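# A closer look at the structure
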Amino acid sequence: MAKELKHVTKFKENHLNSGESVIAWGEGYIGEMMGKGDKTQHNGALLVTEHRVAFYRKGFIGEVLETIPLKNITSIERKSALGHRTIRVHTSHDDLEFKTFSKEQEQDLISAIESGRETTDEKSTVTTSTESNIDKIKKLAELKDAGILTEQEFEDKKAQLLSDI
């Protein structure tokens, strides 16, 4: 990959959380060329970590930081026109549109985002399964305490549920 941008270095120094690392980054901008207000163009870097997608720009006057947790991403949209490559990351409440000129960086970013989303989905499925099995065991204990299940029936079903965790 190209030499690390100052935006990436500063993000790592100031905004990287414990246990988090930058998996991929790309140089580009958010906003619109000649845009004003919310549409002001900000040149910087789009970064992907194990937990989030972040746009970061460190400038003389201040900084711009926009982040979206990977687990909240509902879809990713890609467009390419006249050398501009646009990545738009959507959530149910927000979106982040990033533009770059590098096809290689665009592909690296998309791969990292998709990979992170898949890992996040797997973790949430395991957590949900674990929590639901624990809830089922609690309900079985209530049924046993109420005399509806025998001790043996409770132990058999509990062992089965624990083996699924």
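Computed from a predicted structure; not experimentally measured. (Residues numbered from 1 in each chain as written. Predicted model: local features only at pLDDT ≥ 70, side-chain atom pairs only at ≥ 80, totals over all residues. Heavy atoms only, no water.)

## Concerning a nonpolar patch on the surface
Residues Met33, Met34 and Phe101 make up a contiguous nonpolar surface patch of about 420 Å² in total accessible area. Note that Phe101 resides in the loop between β7 (95-100) and α2 (103-145). (Patch = residues over 30% accessible without salt bridge, like charges linked within 9 Å, V, L, I, M, F, W, Y side chains within 5 Å. Areas by Shrake-Rupley, 256 points an atom, 1.4 Å probe, with all protein chains shown as cover. Salt bridge = Lys/Arg side-chain N within 4 Å of Asp/Glu carboxyl O. Helix = DSSP H or I, 4+ residues; strand = E, 2+ residues; numbered from the N terminus.)

## Thoughts on the nonpolar core
Leu46, Val53, Phe55, Ile73, Leu96, Leu109 and Ile113 are the most contacted members of the largest nonpolar core, which has 18 residues in total. Elements with a minimum of two residues in this core: β1 (22-30), β2 (42-49), β3 (52-58), β4 (63-69), β6 (84-91), β7 and α2. Top contributing element to this core by residue count: α2, with 4 residues. Other than its neighbours up to four places away in sequence, Ile113 contacts Val48, Val53, Leu70, Ile73, Ile76 and Val89. Counting 9 residues, the second-largest nonpolar core is a separate cluster that includes Leu5, Phe11, Ala45 and Tyr56. (Core = buried A, V, L, I, M, F, W, Y, C linked by side-chain atoms within 4.5 Å. Buried < 20%, exposed > 50% of the residue type's maximum accessible area, 1.4 Å probe, protein only. Contact = heavy atoms within 4.5 Å.)

## With respect to the environment of Leu70
By the secondary structure assignment, Leu70 is in the loop between β4 and β5 (73-81). Residues Leu70 and Ala146, spaced 76 residues apart in sequence, show a C-alpha to C-alpha distance of 44 Å.

## Looking at helix α1 (residues 6-14)
Those residues of α1 not exposed but buried are His7, Val8 and Phe11. One side of α1 holds all its buried residues, which, seen down the axis, span an arc of 100°. As for α1, its buried residues are in contact with β1, β2, β3 and β4. (Arc of directions from axis to C-beta.)

## Observations regarding unusual backbone geometry
One non-glycine residue, Met34, adopts positive backbone phi at about 65°. By secondary structure assignment, the location of Met34 is in the loop between β1 and β2. Not every positive phi belongs to a glycine, and Leu82 is a case in point at roughly 50°. With respect to the element layout, Leu82 can be found in the loop between β5 and β6.

## Regarding the pairing of β7
Across 6 bridges, the pairing between β6 and β7 is antiparallel. Within the sheet, the bridge partner assigned to Ile87 lies in β7 and is Phe98. (Pairing = 2+ DSSP bridges.)

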